Each structure stands twice: as C-alpha cells, then as structure tokens.
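Coordinates in review
Listed below are the residues making up each chain.
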Amino acid sequence: MLKLILIRHAESLANAQGITQGQKIDTFLSERGKIQARKTAESLKKEKIEVIFSSDLKRALATAEEISRLFGKDIILDKRLREKDHGNEANDEFVKRCKEFLEDIKKYSGTVVVVGHGGSNKNILATSTGNRLEGSRIFNSSEQYNACVNKISYENKKWTINSINDVSHLDLKEITKK
C-alpha cells in the first residue's frame, strides 16, 4: 500500500502580503511560515517516511527541508509539482502534469511525502478520485491552507482520500488561507 502525505508549502513572504505567486514570483518562507513548516514536520514524527518529493520552488522546498531534516531523507525535486504558470500554462496542461506525477508515484510503497502548492495539490486530489465530476467538486470546493496536510492512499489499484486540508497541527494564529 502507498500512503501519500500531500502538503501545501508553508506561508511565503508573498502569501503574507496577499500576492498570488504562481511560478513567476518565488519567495522564501515568512517567519510564520518557518514556524508552520517546523510544526508540520513535527506532526509527521510518527510516520515512517520512505521518500520526500517537493516542487523546486523556494517556498515548497523550504517546507520540505524541515521534513527532510527531521527524517534524514533526501528530497527529490519534481517540476511537475509546481504551481500553475499563470498566463503561460493552459489548465489542461497543468492538470496533465499533476496527473502524470500521480501516475508515476504509484510505483512506490510505504509512506511518501509530497510538498506542493494549493493548485497542484488540489489537482492531485481531484485526479485521485478517478471521477471527473467528483474531482471537479473537490477541486472547486476544497481549501488548501498554508502548511495543510492531505492524506490519500493507493491500494488495490484505487486511490482513497483520507483527509483534506488538515491544519490541526497548527495553532489558530498560525493558520493562513492565502
């Protein structure tokens, strides 16, 4: 069985200012984001993590590095986990690269951490349903707060969503929705 822990990056400097980033604006974590990343890593202590994947954008990588430090695992960078390239990438291209990543990740077993972005995570969650209507509902209605944890599993050729947008590891003042 594959257990996929899908994490949105912690709050970036641009998030803190209410700036939509995409791929063009790539900022480091804010001070609150550094706390979020540390707490997210600590919340995974009981997991037996086999592999860590991350988008190569600074905010996701910095979040993944906190997890990597705690577990002593290297990070595999994957550009398919990047946020949508607004203005230069069609929606179907964005969905396709997220779907390809989800397909490729099936070769792993155990617990795999993936640090991505709001849009890429929502695409992965939506694609995992295998149902266009249900996937659309999840994409359009689910939130992805900074440093949230989503859990999905793959067993018997079927994905199951176990949790979406879990921020229970953060204090109320640390939760950001940007």
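Residues numbered from 1 in each chain as written. Predicted model: local features only at pLDDT ≥ 70, side-chain atom pairs only at ≥ 80, totals over all residues. Heavy atoms only, no water.

**Regarding the layout of surface pockets**
- Quantified by volume, the largest pocket comes out at close to 630 Å³.
- What lines the largest pocket is a set of 22 residues, and nearest its centre among them are Val95, Lys99, Ala126, Thr127 and Arg132.
- Of all elements in the fold, only helix H4 (91-105), helix H5 (118-128), helix H6 (132-141) and strand S6 (158-166) reach the threshold of two or more residues within the lining of the largest pocket.
- Here the lining of the largest pocket gets seven residues from one element, more than from any other, and that element is H4.
- Taken together, the residues that form the lining of the largest pocket break down as six nonpolar, nine polar and seven charged.
- Each pocket or cavity is described by its volume, and for the second largest pocket that value is around 350 Å³.
- Together, 22 residues line the second largest pocket, and Arg8, Glu83, Gly118, Gly119 and Lys178 are the ones closest to its centre.
- With three residues, the top contributor of residues to the lining of the second largest pocket is H5. (1 Å grid on protein atoms, 1.4 Å probe; cavity = no way out; pocket = protein on both sides within 12 Å on 5 of 7 lines; lining within 4 Å. Points joined across faces, edges and corners; volume = space filled by probe spheres on them. Helix = DSSP H or I, 4+ residues; strand = E, 2+ residues; numbered from the N terminus. Nonpolar A, V, L, I, M, F, W, Y, C, P; charged D, E, K, R; others polar.)

**Details of helix H3 (residues 58-71)**
- Over its 14 residues, H3 extends 20 Å from the first C-alpha to the last, a length consistent with the 20 Å expected when each residue adds 1.5 Å.
- Burial in H3 covers these residues: Arg59, Ala60, Ala62, Thr63, Ala64, Ile67, Ser68 and Phe71.
- Its buried side turned inward, H3 meets strand S1 (2-8), helix H2 (31-43), strand S2 (49-54), strand S3 (75-77) and strand S4 (110-116).
- In the stretch just after H3, glycine 72 is the one whose phi turns positive, near 65°. (Expected span 1.5 Å × (residues − 1). Buried < 20%, exposed > 50% of the residue type's maximum accessible area, 1.4 Å probe, protein only. Contact = heavy atoms within 4.5 Å.)

**Quick notes on unusual backbone geometry**
- A positive phi angle is found at alanine 147, which is not glycine, with a value near 65°.
- If you check the backbone angles, lysine 157 has positive phi at about 60° while not being a glycine.
- Along the chain, lysine 157 turns up in the loop between strand S5 (149-155) and S6.

**Some details on the packing of H2 against H3**
- Relative to each other, H2 and H3 sit at 40°, their axes nearing to 8 Å. With respect to each other, H2 and H3 are oriented oblique. H3 is crossed by H2, and the crossing has right-handed handedness. For the pair formed by H2 and H3, the contact residues are Ala37, Arg38, Ala41 and Glu42 on the first element and Thr63, Glu66, Ile67, Leu70 and Phe71 on the second.
- Of the residues assigned to the contact of H2 with H3, the class counts are five nonpolar, one polar and three charged. (Axes fitted to C-alpha atoms, helices over the stretch in contact; angles between N-to-C directions. Parallel < 35°, antiparallel > 145°, perpendicular 65-115°, else oblique. Left-handed = near helix turned anticlockwise from the far one by under 90°.)

**Considering the pattern of salt bridges**
- Per the counting criterion, the structure on display carries 19 salt bridges.
- We note a salt bridge from glutamate 11 to arginine 32, for which the minimum N-O separation is 3.3 Å. Of the two residues, glutamate 11 is situated in the loop between S1 and helix H1 (13-16) and arginine 32 in helix H2; the sequence distance between them amounts to 21 residues.
- Its relative accessible area of 32% is what places arginine 32 among the partly exposed residues.
- Counted as one network, the salt bridges with shared partners bring together Lys39, Asp171, Lys173 and Glu174. (Salt bridge = Lys/Arg side-chain N within 4 Å of Asp/Glu carboxyl O.)

**Some details on the pairing of S6**
- Note: S5 against S6, six bridges, orientation antiparallel. Bridge pairing in S6 links serine 153 to threonine 160.
- Remark: two residues form the turn of the hairpin made by S5 and S6, two consecutive strands paired antiparallel; asparagine 156 in that turn has positive phi of roughly 55°. (Pairing = 2+ DSSP bridges.)

**A closer look at the side chain of serine 55**
- Here serine 55 is to be found in the loop between S2 and H3.
- Residue classification places serine 55 among the buried positions, given a relative accessible area of 0%.
- Side-chain polar atoms of serine 55 contact the backbone nitrogen of leucine 57, separated by 3.1 Å.
- Sequence-distant contacts of serine 55, defined by excluding residues within four places in its chain, comprise Ala60, Leu61, Leu77, Asp78, Leu81, Arg82, Val115 and His117. (Polar contact = N/O pair within 3.5 Å; in protein donor to acceptor, adjacent residues only side chain to side chain.)

Note that every value here comes from positions in space, so none of it alone points to a role or purpose.
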